[in-house]
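# Remarks on the overall topology
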Amino acid sequence: MKNIYAVPYLKSGASGYLTKNAEESEIVTAITTILAGSRYSSRNVKENMFNSILGNDADNPFTKLSGRELEVAELLTKGIGVLEISNQLKLQMGTVSTYKLRLFQKLKIKSIIELAEKMSIYER
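A brief report on the enclosed structure follows. (Residues numbered from 1 in each chain as written. Predicted model: local features only at pLDDT ≥ 70, side-chain atom pairs only at ≥ 80, totals over all residues. Heavy atoms only, no water.)

## Topic: the overall build of the protein chain
- A count of helices and strands for the protein chain gives seven helices and two strands.
- Along the protein chain, from the amino end to the carboxyl end, the secondary structure elements read α-β-α-β-α-α-α-α-α.
- In the protein chain, which comprises 124 residues, the proportion classed as buried is 35%.
- Of the contacts formed within the protein chain by residues at least 6 apart in sequence, a portion of 57% connects residues at least 24 apart. (Helix = DSSP H or I, 4+ residues; strand = E, 2+ residues; numbered from the N terminus. Buried < 20%, exposed > 50% of the residue type's maximum accessible area, 1.4 Å probe, protein only. Contact = heavy atoms within 4.5 Å.)

Pasting the structure below:
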């Protein structure tokens, strides 16, 4: 499975990224690496980034989404409606609806239930 959040977070300025099931030793290594002024990502994330760069990630539909579309997708799967998402992200409701429409088109889905199912498959 592939992590769908790593690249957008790293592009947004994160110094590192770990999966939620990282071992304690990896967490320590990540913190030490970042405090030393370098960036850190787990082996899985590095592998996924290389696959993305080399075009080997065609099976992951989430690589087609923008960072904002991923944010909207995550909030939708938490049961948050368009009005609340617009308030949280400080966007117009129409803008949130557009993001929702685009991510449904890009992922070739028709419901939030399908979105949640797809996210659970590609999320790690």
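## Focus: unusual backbone geometry
- In this model, K90 sits at a positive phi of 55°, which is unusual for a non-glycine residue.
- Residues other than glycine seldom take positive phi values, yet K108 does so here, at roughly 55°.
- Along the polypeptide, K108 turns up in the loop between α6 (93-107) and α7 (112-122).

## Description of the nonpolar core
- Formed by 25 residues in total, the largest nonpolar core has its most connected members in F62, V72, I85, L103, L107 and L115.
- Sorting the residues of this core by element identifies α1 (6-11), α4 (67-77), α5 (82-89), α6 and α7 as the ones contributing at least two each. (Core = buried A, V, L, I, M, F, W, Y, C linked by side-chain atoms within 4.5 Å.)

## Here we look at a nonpolar patch on the surface
- Taken together, I27, I31 and L35 make up a surface patch of nonpolar side chains, about 310 Å² in accessible area.
- Locating I31 in the fold gives a position in helix α2 (residues 24-35). (Patch = residues over 30% accessible without salt bridge, like charges linked within 9 Å, V, L, I, M, F, W, Y side chains within 5 Å. Areas by Shrake-Rupley, 256 points an atom, 1.4 Å probe, with all protein chains shown as cover. Salt bridge = Lys/Arg side-chain N within 4 Å of Asp/Glu carboxyl O.)

## Side note on the environment of Y17
- Examined against the element boundaries, Y17 turns out to sit in strand β1 (residues 16-17).
- Residue Y17 is classed as buried on the basis of its relative accessible area of 13%.
- Spatially, the C-alpha atoms of Y17 and Y40 are 6.4 Å apart, while their sequence positions differ by 23 residues.

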